[in-house]
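Residues per chain are reported as follows:
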Amino acid sequence: MVVGVLRVRLRLPENHSLKGKRKVVKSVIGQVSSRFNVAVSEVADHDLWQVSEIGISAVGNSEQVINSVLDKVVNFIDGHFACEMIASEMDILHMGR
């Protein structure tokens, strides 16, 4: 089993409230989850209204497949939302029997 974990840090420059942040983050989480069949959650910076950190995970049997899916997630987030990706970090774990 191969587990891929991706952490994405976003800046929301046009946002001016926590309510506006929730709208953007909820959209990112919903679209990424349904489009790529991955688990997604906001994992940090809940009280900051112009920054968000999102965690994404995928499970499969091939490192290449997991790496490809998470790369597509990064590209999708970077080009489709009213936010700027300021950092991303990916780890791939191999779970033995």
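Residues numbered from 1 in each chain as written. Predicted model: local features only at pLDDT ≥ 70, side-chain atom pairs only at ≥ 80, totals over all residues. Heavy atoms only, no water.

A. Examining the overall build of the chain more closely. Looking only at helices and strands, one finds two helices and four strands in the chain. Listed N to C, the secondary structure of the chain is β-α-β-β-α-β in terms of helices and strands. Taking 2.2 N^0.38 as the reference for a compact globule, 97 residues should give roughly 13 Å; the C-alpha atoms of the chain span a radius of gyration of 14 Å, in line with that estimate. Dimensions along the principal axes, computed over C-alpha positions, put the chain at roughly 45 × 20 × 20 Å. (Helix = DSSP H or I, 4+ residues; strand = E, 2+ residues; numbered from the N terminus. Rg over C-alpha atoms; globule rule 2.2 N^0.38 Å.)

B. Molecular detail of the sheet that holds strand S2 (residues 39-44). The strand order S2-S3-S1-S4 describes an open sheet built from four strands, whose pairing is antiparallel. Pairing within the sheet leaves two strands with one partner each, and these edge strands are S2 and strand S4 (84-94). Strand after strand, the sheet turns through a mean of 20° between neighbouring axes, direction not considered. Strands strand S1 (2-11), strand S3 (51-60) and S4 of the sheet are contacted by helix H2 (residues 63-80), whose axis makes an angle of about 15° with S1. (Pairing = 2+ DSSP bridges. Axes fitted to C-alpha atoms, helices over the stretch in contact; angles between N-to-C directions. Contact = heavy atoms within 4.5 Å.)

C. Broad picture of the packing of helix H1 (residues 18-36) against H2. Two elements in contact, H1 and H2, have axes separated by 11 Å at closest approach and are oriented at 145°. Between H1 and H2 the crossing geometry is right-handed. From H1, Val-28, Gln-31, Val-32, Arg-35 and Phe-36 reach across to H2, where they touch Val-69, Lys-72, Val-73, Phe-76 and Ile-77. Tallied by class, residues from the contact of H1 with H2 come to seven nonpolar, one polar and two charged. (Left-handed = near helix turned anticlockwise from the far one by under 90°. Nonpolar A, V, L, I, M, F, W, Y, C, P; charged D, E, K, R; others polar.)

D. Focus on H1. Between the first and last C-alpha of H1 there are 26 Å, a value that for 19 residues agrees with the 27 Å anticipated at 1.5 Å per step. Residues Lys-21, Val-24, Val-25, Val-28, Val-32 and Phe-36 constitute the buried set of H1. Here the buried residues of H1 occupy an arc of 95° about the axis, which is enough to place them on one side. Of the exposed residues in H1, the ones pointing more than 90 degrees away from its buried face are Lys-19, Arg-22, Lys-23, Lys-26 and Ser-34. For H1, the secondary structure elements touched by its buried residues are S2, S3 and H2. A positive phi of about 55° marks Asn-37, the residue just after H1. (Expected span 1.5 Å × (residues − 1). Buried < 20%, exposed > 50% of the residue type's maximum accessible area, 1.4 Å probe, protein only. Arc of directions from axis to C-beta.)

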